[in-house]
Amino acid sequence: QVQVVESGGGLVQAGDSLTLSCAASGRPGGRYPIGWFRQAPGKEREFVAAISWNGDSTYYADSVKGRFTISRDSAKNTAWLQMNSLKPDDTAVYYCAAVVYGPLDLTRATTYDYWGQGTQVTVSQ
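Reading guide: rules and limits
- Residues numbered from 1 in each chain as written.
- Predicted model: local features only at pLDDT ≥ 70, side-chain atom pairs only at ≥ 80, totals over all residues.
- Heavy atoms only, no water.
- Salt bridge = Lys/Arg side-chain N within 4 Å of Asp/Glu carboxyl O.
- Buried < 20%, exposed > 50% of the residue type's maximum accessible area, 1.4 Å probe, protein only.
- Core = buried A, V, L, I, M, F, W, Y, C linked by side-chain atoms within 4.5 Å.
- Helix = DSSP H or I, 4+ residues; strand = E, 2+ residues; numbered from the N terminus.
- Contact = heavy atoms within 4.5 Å.
- Disulfide = S-S within 2.5 Å.

A. Layout of the pattern of salt bridges. Following the criterion strictly, the structure yields four salt bridges and no others. A salt bridge links Glu 46 to Arg 38; the shortest N-O distance between them is 2.6 Å. Using a relative accessible area of 36% as the deciding quantity, one classes Glu 46 as partly exposed. Arg 38 is the salt-bridge partner of Asp 90, the closest N and O atoms lying 2.9 Å from each other.

B. Representation of the nonpolar core in the model. The biggest cluster of nonpolar side chains holds 37 residues, and the ones touching the most others in it are Val 4, Trp 36, Val 48, Phe 68, Leu 81, Met 83 and Tyr 94. Counting residues per element, the ones that place at least two in this core are strand S3 (18–25), strand S4 (34–39), strand S5 (46–51), strand S7 (68–73), strand S8 (78–83), strand S9 (92–98) and strand S11 (119–124).

C. Inspection of the environment of Val 12 at higher detail. In this fold, Val 12 is placed in strand S2 (residues 10–13). Sequence-wise, Val 12 and Lys 87 are 75 residues apart; in three dimensions their C-alpha atoms are separated by 9.5 Å. Discounting residues that sit within four places of it in the chain, Val 12 has contacts with Ser 17, Leu 18, Leu 86, Thr 122, Val 123 and Ser 124.

D. Main features of the state of the cysteines. Applying the stated criterion to the full structure yields one disulfide. Across the disulfide from Cys 22 sits Cys 96; the S-S distance is 1.8 Å. Taking the torsion about the S-S bond as the criterion, the Cys 22 to Cys 96 disulfide, at about -70 degrees, is left-handed. Remark: Cys 96 occurs in strand S9 and Cys 22 occurs in strand S3; sequence separation between them is 74 residues. Under the relative-accessibility criterion, Cys 22 is labelled buried at 1%.

Okay, here's the thing in structure tokens:
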């Protein structure tokens, strides 16, 4: 069993920055690819960003490329999502997820085995 916990959401104004944190734990020695997804009211859950287990590879949705940065501390299975130049369209519940069993298309929600409870990000005009 792997536990995934997000933190760092909140209410900000357009143009502000916010950093989300994600901690995955539960399997000694385990190192997991981690992804961020978001879901706005009335919309499907969508991919935001992902990072490989060792941090060598990162992936971004076109809508956040150049504004968001994903990073990680592989030794601690902790990841961060630095969000800059936030827009009202970024308002959503943000979910962190970890891959334990594969496969490894990190842009697909079905790839991920364990999910956090979500953290709300609200961007006002």
